[in-house]
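These are the residues of each chain, in order.
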Amino acid sequence: MIHLDDRSLQAARARAYALADSGKFDTLHAVQQALVGEGWSNAGRLLESDYARKAIGERCRAAQAH
């Protein structure tokens, strides 16, 4: 069960990074809302990680800068 949960979080993280990199979202909160809207039920759990929050936020800022 833990192994499947890890895969699910990895997939959600990859999707969050893709959304952040798209340039359509300027904040971490916007990415989280998009994940929830797409049906990622583990979006909240993903964002419990300081590392993930920081990485997604940085990607949002970088995408907006371009």
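In this text the structure is predicted, and so the values were computed from the model without any measurement. (Residues numbered from 1 in each chain as written. Predicted model: local features only at pLDDT ≥ 70, side-chain atom pairs only at ≥ 80, totals over all residues. Heavy atoms only, no water.)

Colleague: For this particular structure, what's the right way to read the overall build of the protein?
Modeller: Scanning the protein from terminus to terminus reveals 4 helices and 0 strands. Mapped in sequence order, the helices and strands of the protein form the string α-α-α-α. Over its C-alpha trace the protein gives a radius of gyration of 11 Å, about what one expects of a compact globule, namely 11 Å for 66 residues. Taking the principal axes of its C-alpha atoms as reference, the protein extends roughly 40 × 20 × 15 Å. Partitioning the contacts of the protein with sequence separation of at least 6, the portion at a separation of at least 24 is 62%. Looking at the protein as shown, the accessible area adds up to about 4,300 Å², and 53% of this sits on carbon and sulfur atoms. Where the 9 positive side-chain charges of the protein centre and where its 8 negative ones centre are 3 Å apart. (Helix = DSSP H or I, 4+ residues; strand = E, 2+ residues; numbered from the N terminus. Rg over C-alpha atoms; globule rule 2.2 N^0.38 Å. Contact = heavy atoms within 4.5 Å. Areas by Shrake-Rupley, 256 points an atom, 1.4 Å probe, with all protein chains shown as cover. Lys, Arg positive; Asp, Glu negative; His and termini not counted. Charge placed at Lys NZ, Arg CZ, Asp CG, Glu CD.)

Colleague: I'm lost on helix α4 (residues 50-65) in this one. Help?
Modeller: Each full turn of the α-helix corresponds to 3.6 residues, which orients residues three or four apart in the same direction. Compared with an ideal rise of 1.5 Å per residue, which puts 16 residues at 22 Å, α4 spans 23 Å between its outermost C-alpha atoms and is within 8% of the ideal. Regarding α4, its N-cap is S49, as a side-chain oxygen of that residue lies 3.3 Å from the backbone nitrogen of Y51 further along. (Expected span 1.5 Å × (residues − 1). Polar contact = N/O pair within 3.5 Å; in protein donor to acceptor, adjacent residues only side chain to side chain.)

Colleague: Any chance you could explain the environment of C60 here in plain terms?
Modeller: Tracing the chain through its elements places C60 in helix α4. Residue C60 is classed as buried on the basis of its relative accessible area, which comes to 0%. Separated by 33 residues in the primary sequence, C60 and T27 have C-alpha atoms spaced 6.1 Å apart. Excluding residues that lie within four positions of it along the chain, C60 makes contacts with A20, F25, D26, T27, L28 and V31. (Buried < 20%, exposed > 50% of the residue type's maximum accessible area, 1.4 Å probe, protein only.)

Colleague: Looking at this model, I keep getting lost on the confidence of the model for the protein. Mind explaining?
Modeller: Regions with low pLDDT should not have their predicted coordinates read in detail. Of all residues in the protein, 92% attain a pLDDT of 70 or more, and the chain-wide mean is 90. Looking at the elements of the protein, mean pLDDT is at its lowest for helix α1 (residues 2-21), recorded as 87, and at its highest for helix α2 (residues 28-37), recorded as 96. (pLDDT = per-residue confidence, 0-100.)

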